[in-house]
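# Report on the structure
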Amino acid sequence: MDTYPKDLEPDAAAPATWGSAEAGPSDNATPAETGGCHGQAEASKAAARAAGNDDLMNRFEADYPKGPHDQPQSMCPAFGSLRVGLRMRRVATILSGSACCVYGLTFTSHFYGAKRSVGYVPFNSETLVTGKLYEDIVEAVHKMADPEKFDAVIVTNLCVPTASGVPLQMLPRQIDGVRIVGIDVPGFGVPTHAEAKDVLSGAMLARARAEAIEGPVLPPRNGLTDKPTVTLVGEIFPADPVVIGGMLEPMGLAVGPTVPVREWRELYAALDCAAVAAIHPFYTASIREFKAAGRRIIGSAPVGLEGTDTWLSAIGDACGVQPRKIDLARNTIHGAISAALANSRIEGRITLSGYEGSELIVGRLLTELGADLRYVGTACPKTPFNSEDAAWLEARGVEVRFRASLEEDLAAFRAFEPDLAIGTTPVVQRAKESGTPALYFTNLISARPLMGPAGVASLPGVISSAIANKERFLKMQDFFEGVGGGDTAGIWQDVPQDRSGYREKYAKTVRTSRNAVDNGESVGC
């Protein structure tokens, strides 16, 4: 085995790990009291702190600051970390949480193509408050830790175990050579599923960095390159790393692994880089580990003409590349992107929103393609690594909202009256109901090549086709005129009665809230 990376000692000011306080399960926090993800967020936070998870909650508040909404408005955040683990080779996953939550998470994971089993440790009030649940988890990881099958076992606490203080940090670090990694991903601490990917990635990078410091580690499966590498951070389209690698080649650089990784041994190669490109800028825990290893972090992404030129300059400078080589890389790609922009244009007013974290770089690309972009809303936070993108968009008259709520996205749609709404499921639903073409951001926009010339060529076709469907939506609107909407949708023999009072009454018994769920708006993934 190769002894690499060699320079991952932590800075004096940088924390080596980011675990929570060591504390046993609380003897007074029960699922009924905390309410899980359906209960009050503040009550769940208080229960977690009372159970000894002060450090964990403080870290969440620092890494993932909240916005105008006090709970996730999309899918359960733990879906993000679960997705990362299920896509990794030789990694097993165990969930600890309410049965309904585990069912929903596994269903969604398999819907998105996962073909892996998920372990589950069930519990009841007695096993939760007596500490038996923790003992059951210990037993489960011992059963799962087969070095012939797995390099690591990921154990995830959902809302109720986190609020009750189930101490995953006390699990053994390894069993028969199989790493045991415990993380907490409560809905009341992690705002989005995108940021939950960072929770797991950061925990794995911390462990991998410690292992590299301790001694020899495995090289990547495909071997090492003799060029300095740039690690990419963020789930991006599979072709994008190839495109980026081509842009880096004139500078004598190579593209490194993409975090989240697909195999444990890739973590060492990710850390052993010349610079880190925070393509998705919200990976706070992961970036902390890279900084502790002495790596420079570059924000934004090589999108469009201006974005690519600025990004290549920043990467070259961070990697100590000679100015003439940086200029060579810039000039080489400048012609290709300029030609692509000349042949690919978008005409129409657009509003854009999503929760993947790539909304701002997509907004930049749309703007350079000629779109009349009025609004970009992202459920993710503002960080030092997307501030330049925000400033670029705002300088061109685009309204940018970080931690945007569903209500803000819908208000932007109403205010700007776009030719096309790109957004989350409920935004798309509302737009189509009003006769406006709409595209789901996650599957139809962000899941496309975005970098370099390929990105310029990938969006105009689908967007222009969608805008051209305006007449079809108006015909559908006319066809369904008079069938009602909301609670009164459908064909009725009698005039339907307004039952919205039941919803309002129930909402008041649960909690006073201004979010879209209690206002009767649909919330989906």
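Relevant structure appears above.
Residues numbered from 1 in each chain as written. Predicted model: local features only at pLDDT ≥ 70, side-chain atom pairs only at ≥ 80, totals over all residues. Heavy atoms only, no water.

### As for helix α16 (residues 387-395)
What α16 keeps buried is the set D389, A390, W392 and L393. Along the axis of α16, the buried positions cluster into a sector of 160°, meaning they face one direction only. For α16, the exposed residues lying more than 90 degrees away from the buried face are E388 and A395. Looking at the buried side of α16, the elements it contacts are α13 (304-318), α15 (359-368), β11 (372-378) and β12 (399-402). Looking one or two places after α16, you find G397, whose phi comes out positive at around 85°. (Buried < 20%, exposed > 50% of the residue type's maximum accessible area, 1.4 Å probe, protein only. Helix = DSSP H or I, 4+ residues; strand = E, 2+ residues; numbered from the N terminus. Arc of directions from axis to C-beta. Contact = heavy atoms within 4.5 Å.)

### Brief notes about empty space enclosed by the protein
Applying the stated rule across the entire model yields 4 cavities of 30 Å³ or more. Taken together, 15 residues line the second largest cavity, and the ones lying closest to its centre are P281, G357, L360, N386 and D389. At 3 residues, the largest contribution of residues to the lining of the second largest cavity is made by α15. A per-class count over the lining of the second largest cavity returns 9 nonpolar, 4 polar and 2 charged. (1 Å grid on protein atoms, 1.4 Å probe; cavity = no way out; pocket = protein on both sides within 12 Å on 5 of 7 lines; lining within 4 Å. Points joined across faces, edges and corners; volume = space filled by probe spheres on them. Nonpolar A, V, L, I, M, F, W, Y, C, P; charged D, E, K, R; others polar.)

### Thoughts on the nonpolar core
If you look at the biggest cluster of nonpolar residues, it comprises 63 residues, and the most contacted ones within it are I183, M204, W264 and F290. Apart from the residues within four sequence positions on either side, W264 is in contact with M88, D151, A152, R179, V181, M204, R207, A208 and E211. If you look at the next biggest cluster of nonpolar residues, it comprises 58 residues, including I244, I337, F441 and L459. (Core = buried A, V, L, I, M, F, W, Y, C linked by side-chain atoms within 4.5 Å.)

### So, unusual backbone geometry
At the junction of V259 and P260, the peptide bond is cis and its omega measures out at 10° in the coordinates. Assignment of secondary structure puts P260 in the loop between β7 (254-259) and α11 (266-271). Of note, the phi angle at R90 is positive, near 60°, even though the residue is not glycine. Examined against the element boundaries, R90 turns out to sit in the loop between α4 (78-86) and β1 (91-96). Given the relative accessible area of 26%, R90 is considered partly exposed.

### Details of the pairing of β1
Among the 6 residues of β1, 6 are classified as buried, and the element is accordingly described as predominantly covered. Examined bridge by bridge, β1 and strand β3 (residues 152-157) share 6 bridges and lie parallel to one another. Each bridged residue has a counterpart across the sheet, and for T93 the counterpart in β3 is I154. Here β1 runs beside strand β2 (residues 119-120); their pairing, made up of 2 bridges, is parallel. Note that in β2 the partner of L95 across the bridge is Y120. (Pairing = 2+ DSSP bridges.)

### Thoughts on the pattern of salt bridges
In the structure shown here, the tally under the stated rule is 26 salt bridges. Notably, a salt bridge pairs K132 with D136, separated by 2.4 Å at the nearest N-O pair. Of the two residues, K132 and D136 both sit in helix α7 (residues 132-144), 4 residues apart, roughly one turn of that helix. Residue classification places K132 among the partly exposed residues on the basis of a relative accessible area of 36%. (Salt bridge = Lys/Arg side-chain N within 4 Å of Asp/Glu carboxyl O.)

### Observations concerning the packing of helix α9 (residues 193-214) against helix α12 (residues 284-292)
The relative placement of two packed helices comes down to the angle between their axes together with the axis-to-axis distance. Their axes nearest at 7 Å, the elements α9 and α12 cross at an angle of 20°. With respect to each other, α9 and α12 are oriented roughly parallel. Counting all contacts with α9, which are made through D198, S201, G202, L205, A206 and R209, the residues of α12 involved are T284, A285, S286, E289, F290 and A292. Each residue belonging to the contact of α9 with α12 can be placed in one class, and the counts come to 5 nonpolar, 4 polar and 3 charged. (Axes fitted to C-alpha atoms, helices over the stretch in contact; angles between N-to-C directions. Parallel < 35°, antiparallel > 145°, perpendicular 65-115°, else oblique.)

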